Each structure stands twice: as C-alpha cells, then as structure tokens.
Amino acid sequence: MQLFYSLTSPYARKCHIVLHLHQLLDQTELVLTDQFSQEFRKLNPLGKIPTLRDNDITLMDSPLICEYLDNKAIQQGRPSLFARENLDYFHIQLQHALSNGILDAAVASVYEKRRETQPSEYWLSRWQESLQSTITQISTKYLSTCTQPNIASVATVTALAYLDFRLAELSWRDWNTALADWYAPFTELTWFEKTSPE
Ligand SMILES: N[C@@H](CCC(=O)N[C@@H](CS)C(=O)NCC(=O)O)C(=O)O
C-alpha cells in the first residue's frame, strides 16, 4: 500500500496513527506529497491529502481510508478500532465525525488566515464557535478511554493536537479542562510522538 501524505495534514496524521496502531506500517510506503502536483491530481482529482493506493484501488477521505485500513487489520487477525458489531458503533462514529468537523473548521480557519486579502472575521468567528461547542459536546458526551484507543479517540486526539499546532492562540484548554486532562496522557504515547509534525 502507499499512503500519500504530508507531515502537517491532520487528516493524514489520523491515517498514519491507524497504520501504527494496526501494525500496518511495514506493509505501507509513506509518500510525501505535494497537493498541487499534477501527478498527484491524476490519482486524486480532488487534490486532497491523504490518499491511499492499494493494488487497483485508490481511496480518498480519511474516514474511508481509516475504515479500509481497519478492514485490512481485521483480516490479519487484529481487533477493530471501529467497534464493529458493537452497541457503541454509532457513538464512536459520531465522535469520529465531530472530531473531523473540528478539523474542517480548524483547517478552514488556517486557510482563511493565510488569504492574501483581509480574512473574513465573520467566518473565523463562526468556525471558532463551532470549535468551542463541538469540544464541549465531545467532552460531556462521547469521550472514549485512553487505555483502549479506538477511531474516536484517535480522531479527537488528532484534532486537539492540530489546534495546538496551528491555532494555539485559541487556547482550547481554557474552554474545557476535562478534555485537556483526558488529552494529556495521549501525548506521551509512541504513536502520538512518532506522527507529530513538530
Ligand atoms: N475530508 C478530507 C479532507 C482532506 C483535506 O482537506 N486535506 C487538506 C490537507 S490538510 C488538503 O489536501 N487540502 C488541499 C486542498 O483543499 O486543495 C479527509 O478527511 O481526508
């Protein structure tokens, strides 16, 4: 398999973490990618990172890529990170989706701040409001445990790490100390350190 990625893409980092947790790294070539390259656009017409290629299938969109990797790991005898056939399945998918939503709002804010013209205060404050309310909802309703990472905890950790990396001025820990306490131990784990952009 080949994972087309960049060191700073949080969506790619989530897939990279799944490769670590599922011990699939030795079956995967990590290909550093420039999203503007025409070669890459032939592979993924959306020009979005990450993209996964495995034999004759090419997948984009990190939730789909993570699910594909999870399938592969199950076939090799490892337990699912998606809690398949479990009552928690939809709760876990919901936390995954909310965490991706944090990434979408955060990445959009970063792009907006890089605009050559004046960034839109309207959009920046809308995205900040989404970040703040989603962090509260995840913290009060969906937190999964640190001892057994699953796709939900991986996605939330990835999203919070991206806020630290690109939007540290938001000081998200001040919005929710419970989530900050939950997050802290993850930052000591090997898979967190080995996939860090810094
Ligand atoms: N929904 C996609 C989002 C991927 C995405 O937006 N990736 C960014 C990098 S962080 C990208 O490739 N941006 C380039 C662009 O939008 O042209 C996913 O979950 O993989």
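Because the structure is predicted, anything quoted here is derived from the model rather than measured. (Residues numbered from 1 in each chain as written. Predicted model: local features only at pLDDT ≥ 70, side-chain atom pairs only at ≥ 80, totals over all residues.)

Asker: So what about the overall build of the chain? Which residues, and what values?
Answerer: A tally of regular secondary structure across the chain gives eight helices and four strands. Overall, the chain shows an N-to-C arrangement of helices and strands of β-α-β-α-β-β-α-α-α-α-α-α. Overall size of the chain, expressed as C-alpha extent along the three principal axes, is 45 × 40 × 30 Å. Looking at the chain residue by residue over its 198 residues, the buried ones come to 33%. Considering only residue pairs separated by 6 or more positions, the chain has 71% of its internal contacts joining residues 24 or more positions apart. (Helix = DSSP H or I, 4+ residues; strand = E, 2+ residues; numbered from the N terminus. Buried ≥ 20, exposed ≤ 12 C-beta atoms within 10 Å, placed from the backbone. Contact = placed C-beta atoms within 7 Å.)

Asker: Provide a residue-level description of the site of the ligand, including the pertinent values.
Answerer: Taken together, Ser9, Tyr11, Gln35, Gly47, Lys48, Ile49, Pro50, Asp61, Ser62, Asn100 and Val107 form the complete shell of residues around the ligand. Within the shell around the ligand, the residues separate by chemical class into four nonpolar, five polar and two charged. (Near = placed C-beta within 6 Å. Nonpolar A, V, L, I, M, F, W, Y, C, P; charged D, E, K, R; others polar.)

Asker: Run through the environment of serine 99, naming residues and quoting values.
Answerer: Structurally, serine 99 is set in helix 4 (residues 89-113). A residue is classified by how many C-beta atoms lie within 10 Å of it, and serine 99, with 27 of them, is buried. Among all residues touching serine 99, those that are not within four sequence positions of it are Ile138, Ala155, Thr156, Thr158 and Ala159.

Asker: Can you explain the packing of helix 1 (residues 10-21) against helix 3 (residues 62-75)? Please cite residues and give values.
Answerer: Where helix 1 contacts helix 3, the axes come no closer than 9 Å and their chain directions differ by 5 degrees. In terms of orientation, helix 1 lies roughly parallel with respect to helix 3. In this structure, helix 1 contributes Tyr11, Lys14, Cys15, Val18 and Leu19 to the contact, and helix 3 contributes Ser62, Ile65, Cys66, Leu69 and Asp70. Of the residues in the contact of helix 1 with helix 3, the class split is seven nonpolar, one polar and two charged. (Axes fitted to C-alpha atoms, helices over the stretch in contact; angles between N-to-C directions. Parallel < 35°, antiparallel > 145°, perpendicular 65-115°, else oblique.)

Asker: Report on the environment of alanine 152, specifying residues and quantitative values.
Answerer: As for its position among the elements, alanine 152 is in helix 6 (residues 151-166). Residue classification places alanine 152 among the buried residues on the basis of 25 C-beta atoms within 10 Å. For the pair alanine 152 and glutamine 95, spaced 57 residues apart in sequence, the C-alpha to C-alpha distance is 5.3 Å.

Asker: Go over the pairing of strand 2 (residues 29-32) with me, naming the residues and quoting the values.
Answerer: Sheet analysis places strand 1 (residues 2-5) next to strand 2, joined by four bridges and oriented parallel. Across the sheet, the residue bridging to leucine 3 is leucine 30, located in strand 2. A crossover links strand 1 with its parallel partner strand 2, the connecting element being helix 1, and its sense is right-handed. (Pairing = 2+ DSSP bridges. Right-handed = clockwise from strand over helix to strand, strands pointing away.)

Asker: So what's going on with helix 5 (residues 121-142)? Residues and values would help.
Answerer: Here helix 5 is 22 residues long and its end C-alpha atoms lie 30 Å apart, about the 32 Å a rise of 1.5 Å per residue gives. Tucked inside the fold, the buried residues of helix 5 contact helix 4, helix 6 and helix 7 (177-183). (Expected span 1.5 Å × (residues − 1).)

Asker: Residues and numbers for the nonpolar core, please.
Answerer: Ranked by size, the top nonpolar core spans 41 residues in total, and within it Cys15, Val18 and Ile151 carry the most contacts. Those elements giving two or more residues to this core turn out to be strand 1, helix 1, helix 3, helix 4, helix 5, helix 6 and helix 7. The greatest single-element share of this core, amounting to ten residues, is contributed by helix 6. A domain-level breakdown of this core finds at least three residues from each of domain 1 (2-75) and domain 2 (89-194). Beyond its immediate stretch of four places on either side in the chain, cysteine 15 contacts Leu3, Pro50, Ser62, Ile65, Cys66 and Leu69. (Core = buried A, V, L, I, M, F, W, Y, C linked by C-beta atoms within 7 Å. Domains from an automatic or database assignment.)

Asker: Can you break down the pairing of strand 3 (residues 51-54) residue by residue, with the values?
Answerer: Alignment of strand 1 against strand 3, held across three bridges, turns out to be antiparallel. Across the sheet, residue phenylalanine 4 finds its bridge partner in strand 3, namely threonine 51. Bridge count between strand 3 and strand 4 (residues 57-60): four bridges; the pairing is antiparallel. The residue of strand 4 that forms the bridge with leucine 52 is leucine 59.

Asker: Break down the packing of helix 4 against helix 5 for me, with residues and values.
Answerer: In contact at an axis separation of 9 Å, helix 4 and helix 5 are set at 155 degrees when each is read in the N-to-C sense. When the axes of helix 4 and helix 5 are compared, the pair comes out roughly antiparallel. Seen from above, helix 4 lies across helix 5 with left-handed handedness. Together, His91, Leu94, Gln95, Leu98, Ser99, Gly101, Ile102, Ala105, Ala106, Ala108, Ser109 and Glu112 of helix 4 and Trp123, Leu124, Trp127, Ser130, Leu131, Thr134, Gln137, Ile138 and Tyr142 of helix 5 make up the contact between the two elements. (Left-handed = near helix turned anticlockwise from the far one by under 90°.)

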